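Structural overview
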Amino acid sequence: MDSNSVSNSNFEFSNHIQKTFVKNNGFLHPKLGSEPARSRSRAAMASPANSEPKIVTGIAGYILEDVPHLTDYIPNLPTYPNPLQDNPAYSVVKQYFVHVDDSVPQKVVVHKDGARGVHFRRAGPRQKVYFEADDVQVAIVTCGGLCPGLNTVIRELVCGLHHMYGVKKVLGINGGYKGFYARNTINLTPKSVNDIHKRGGTVLGTSRGGHDTKKIVDSIQDRGINQVYIIGGDGTQKGASAIFEEVRRRGLKVSVVGIPKTIDNDIPVIDKSFGFDTAVEEAQRAINAAHVEAESVENGIGVVKLMGRNSGFIAMYATLASRDVDCCLIPESPFYLEGPGGLFEYIEKRLKENGHMVIVIAEGAGQELVSESVQSMSKQDASGNKLLQDVGLWISQKIKDHFAEQKTLPITLKYIDPTYMIRAVPSNASDNVYCTLLAQSAVHGAMAGYTGYTSGLVNGRQTYIPFYRITERQNHVVITDRMWARLLSSTNQPSFLYVKGDHEEKKEEETLNQLPDEHCSKENSANKEISCISPAAC
Ligand SMILES: Nc1ncnc2c1ncn2[C@@H]1O[C@H](COP(=O)(O)OP(=O)(O)O)[C@@H](O)[C@H]1O
Ligand SMILES: O=P(O)(O)OC[C@H]1O[C@](O)(COP(=O)(O)O)[C@@H](O)[C@@H]1O
Ligand SMILES: [Mg+2]
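- Taking an unreviewed UniProt entry as the reference, the protein chain is identified by name as ATP-dependent 6-phosphofructokinase belonging to Sphenostylis stenocarpa.
- Regarding the protein chain, the UniProt comment filed under Catalytic activity (unreviewed entry) reads as follows: "beta-D-fructose 6-phosphate + ATP = beta-D-fructose 1,6-bisphosphate + ADP + H(+)".

Here it is in structure tokens:
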């Protein structure tokens, strides 16, 4: 079936779907008399308590983890025909609107007798919209660390809103969440954002910390904002979820939409985050330099530190892409330096075989080892993220000290730390297209009245994912997954799991027991997804 078509079977299927529980949503409660008179975007009555997951079940174990809709807490909202139906650019598309029951499975590898499993609502334009163009006041904000593609997402939100839906009032919030309660905002028009995708960073500025839900929602009401697009990582999406709950509690007709951003790729459920490919590509330049330096001298070692606070995806993919890397160290795979099966033994072996080697280390790797030898700072950034010790410098010094002490193998080590260079660049061509689809999907959802969702790619399809699925856990490399095995076989590095001695064998067993049971299925037995960067990667 063509991706845009609406089949009859969809209509038949909808008859079998039952809404099993939609707690709180749909119940009406008396208007809150004590709320301040911020009535411009207030549409109806307020709902109490946090929203509950909207789960819809169907035949053969079908489950839809649905996203909230403005009509869940505001009754009798008027609808309007989607202006796209008269847009000449889209007139050639046979069936442009997405069917109301279209959903995307979370798990695409299935068994013939298996249940149909969890699905997410398919993103895309709907026949009816819940906003009239002239009434829409948009706000866009970027939060957390930089990531290639932020400007492309901003550009495509502005252009998508303008060209597809005729929305002209778009405000950029300055400098992250705290910009909501600052005076200055930036008026964004297709003209003003025309070239921004060619630049790295974010034209809006960004920040960590400074999230005050009540003040942000006050500002949303005061400015008459009724669509908020929040671009950011795991912390930002938690903030967006809190904003949505407060908006809902106040009964406001405001769509709150998250767009996932993280070069660490630590956001779960989605195939991969925008900017990740660009970052991996940029990391190749540092690895190439390390390789050239290492192979130009006798017993040369190049060490490259790459970003990845808790998840080693950038290091893993940069290593797999490069083929020049002899050892990749990530936070998910503990390693040790001394003794049989340790890093020093492996370095010596590689230098004797090859005369040089390259080590890639993710910034979050080996933190427990660094803390043992350097006094732990245990400080946090403004958002509450733990500040890490510089493992790149630490490991470089340890290697130098070890071979200086040994005196048998004189080495030359060069340490390259391209940290911010891989995230401050503009996005590459494929990330640009990805950002475009992500932004357009986000806009279609808000115009159709959906709210409280993150727009994301699942198994190659754009979907709307409820906030709680994005914020409940982080995405990590699973070292019992085939992808990590591919890496081990490409570098020939030790797995650091095989250690000698009774005590150590027990340690190995414990480590393996802590790992998820299933690999590559994107779900373990507890129905929680495990790491996959894309379905094709398994
Ligand atoms: N649990 C939370 N609840 C509300 N806001 C949060 C939470 N965690 C982080 N934030 C806010 O989200 C923004 C970005 O968070 P941060 O962790 O720095 O980056 P990222 O979103 O990229 O992970 C910050 O302004 C921070 O205050
Ligand atoms: O120095 P900053 O700006 O706090 O950023 C450093 C951190 O940002 C990251 O790129 C991830 O940031 P986010 O969580 O904001 O996406 C990490 O890899 C890195 O540890
Ligand atoms: Mg984060």
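Anyway, onward from the coordinates.
Quick word on the side chain of Gln137
- For Gln137, the position within the fold is in strand β8 (residues 137-142).
- Once residues lying within four places of it in the same chain are set aside, the contact partners of Gln137 are Lys169, Val170, Leu171, Arg223, Gly224, Ile225, Asn226 and Gln227.

Some points on the UniProt feature "binding site: substrate" (unreviewed entry) in the protein chain
- Following the UniProt record, one finds the feature "binding site: substrate" (unreviewed entry) at Thr262, Ile263, Asp264, Met307, Gly308, Arg309, Glu363, Tyr420, Met421, Ile422 and Arg423. Within this annotated set, the largest pocket is lined by Thr262, Ile263, Asp264, Met307, Arg309, Glu363, Tyr420 and Arg423.
- With respect to the helices, strands and loops of the structure, Gly308 is situated in the loop between β13 (300-306) and α6 (313-322).
- The exposure class of Gly308 is buried, given its relative accessible area of 0%.
- Structurally, Met421 is set in the loop between β16 (412-416) and α10 (429-447).

Quick notes on the layout of surface pockets
- Estimated volume of the largest pocket: approximately 1,000 Å³.
- Taken together, 41 residues line the largest pocket, and the ones lying closest to its centre are Gly145, Arg208, Arg309, Asp381 and Asn385.
- For the lining of the largest pocket, the element with the most residues is helix α4 (residues 234-249), which contributes four residues.
- A per-class count over the lining of the largest pocket returns nine nonpolar, 19 polar and 13 charged.

Notes on the site of ligand 1
- Arg208, Gly209, Asp234, Thr236 and Ser383 are the nearest of the 15 residues found near ligand 1.
- Here Gly235 contributes a backbone N or O atom positioned 3.2 Å from an oxygen atom of ligand 1.
- For ligand 1, an oxygen atom lies 2.6 Å from a polar atom in the side chain of Ser383.
- Most atoms of ligand 1, that is more than half of them, are within 2 Å of grid points of the largest pocket.
- For the shell around ligand 1, a count of residues per class yields one nonpolar, ten polar and four charged.

Considering the environment of Ser495
- Topologically, Ser495 is positioned in the loop between α12 (482-491) and α13 (502-513).
- Judged by its relative accessible area of 14%, Ser495 falls in the buried class.
- As for Ser495 and Ala485, which are separated by ten residues in sequence, their C-alpha atoms are 9.1 Å apart.
- If we skip the residues at most four places from it in the chain, Ser495 touches Ser333 and Leu488.

Details of the site of ligand 2
- Surrounding ligand 2, one finds Gly144, Gly145, Arg208, Lys261, Asp264, Met307, Gly308, Arg309, Glu363, Tyr420 and Arg423.
- Side-chain polar atom of Glu363 to an oxygen atom of ligand 2: 2.6 Å apart, as the coordinates give it.
- With respect to ligand 2, the side chain of Tyr420 contributes an N or O atom lying 2.5 Å from an oxygen atom.
- The site holding ligand 2 turns out to be the largest pocket.
- Tallied by class, residues from the shell around ligand 2 come to two nonpolar, three polar and six charged.

Brief notes about the nonpolar core
- Of all hydrophobic cores here, the largest spans 100 residues; its most connected members are Ile140, Leu157, Tyr229 and Phe274.
- The leading source of residues in this core is helix α2 (residues 150-165), at nine residues.
- Non-local contacts of Ile140, meaning those with residues more than four positions away in its chain, are made with Ile154, Leu157, Val158, Val170, Leu171, Gly172, Ile173, Leu188, Leu204, Tyr229 and Ile231.
- In terms of nonpolar packing, the next biggest core, distinct from the first, is built from 26 residues, Leu337, Ile361, Val391 and Trp394 among them.

Topic: the packing of aromatic side chains
- Under the counting rule described, the total for this entry stands at six aromatic pairs.
- Ring centres of Tyr336 and Phe496 lie 5.9 Å apart, and the angle between their planes is 75°; on these two criteria the pair is classed as edge-to-face. You can see Tyr336 sitting in the loop between β14 (327-329) and α7 (343-354) and its partner Phe496 sitting in the loop between α12 and α13, a full 160 residues away along the chain.
- We classify Phe496 as buried; its relative accessible area is 8%.
- On the basis of an interplanar angle of 40° and a centroid distance of 5.9 Å, the ring pair of Tyr450 and Tyr464 is categorised as tilted. Placement of the pair is Tyr450 in the loop between α10 and β17 (453-458) and Tyr464 in strand β18 (residues 461-466), with a sequence separation of 14 residues. Comparing Tyr450 with Tyr464 shows no difference in burial state: the two are buried.
- By way of ring pairs, the aromatic residues Phe335, Tyr336 and Phe496 are connected into one cluster.
- Note that Lys215 overlies the ring of Tyr181, its terminal NZ or CZ placed 4.4 Å from the centroid.

Things to note about the environment of Tyr181
- With respect to the helices and strands, the residue Tyr181 is situated in the loop between β9 (169-173) and β10 (185-187).
- A relative accessible area of 30% means that Tyr181 is categorised as partly exposed.
- Through-space distance from the C-alpha of Tyr181 to that of Asp218 is 8.6 Å; in sequence the pair is 37 residues apart.
- With residues near it in sequence (within four places) discarded, Tyr181 still touches Gly210, His211, Asp212, Lys215 and Ile216.
- For Tyr181, the side chain forms a polar contact with the main-chain nitrogen of Asp212, separated by 3.4 Å.

Notes on the packing of helix α5 (residues 276-295) against α6
- α6 packs onto α5 with a crossing angle of 60° between their chain directions and a minimal axis gap of 9 Å. Overall, the two elements α5 and α6 adopt an arrangement that is oblique. In the crossing of α5 with α6, the sense of the turn from one axis to the other is right-handed. Residue-level inspection shows Phe276, Val280, Ala283, Gln284 and Ile287 of α5 in contact with α6, the latter providing Phe313, Ile314, Tyr317, Ala318, Ala321 and Ser322.
- Along the lines of polarity and charge, the residues of the contact of α5 with α6 split into nine nonpolar, two polar and no charged.

Criteria and cut-off values
Residues numbered from 1 in each chain as written. Chains lettered and ligands numbered in written order. Predicted model: local features only at pLDDT ≥ 70, side-chain atom pairs only at ≥ 80, totals over all residues. Heavy atoms only, no water. UniProt positions renumbered as here; feature names shortened; annotations may be inferred. Helix = DSSP H or I, 4+ residues; strand = E, 2+ residues; numbered from the N terminus. Contact = heavy atoms within 4.5 Å. 1 Å grid on protein atoms, 1.4 Å probe; cavity = no way out; pocket = protein on both sides within 12 Å on 5 of 7 lines; lining within 4 Å. Buried < 20%, exposed > 50% of the residue type's maximum accessible area, 1.4 Å probe, protein only. Points joined across faces, edges and corners; volume = space filled by probe spheres on them. Nonpolar A, V, L, I, M, F, W, Y, C, P; charged D, E, K, R; others polar. Near = heavy atom within 4 Å. Polar contact = N/O pair within 3.5 Å; in protein donor to acceptor, adjacent residues only side chain to side chain. Sits in = over half its atoms within 2 Å of the grid points. Core = buried A, V, L, I, M, F, W, Y, C linked by side-chain atoms within 4.5 Å. Phe/Tyr/Trp six-rings, centres within 6.5 Å; stacked < 30°, edge-to-face > 60°. Lys NZ or Arg CZ within 6 Å of the ring centre and 35° of its normal. Axes fitted to C-alpha atoms, helices over the stretch in contact; angles between N-to-C directions. Parallel < 35°, antiparallel > 145°, perpendicular 65-115°, else oblique. Left-handed = near helix turned anticlockwise from the far one by under 90°.

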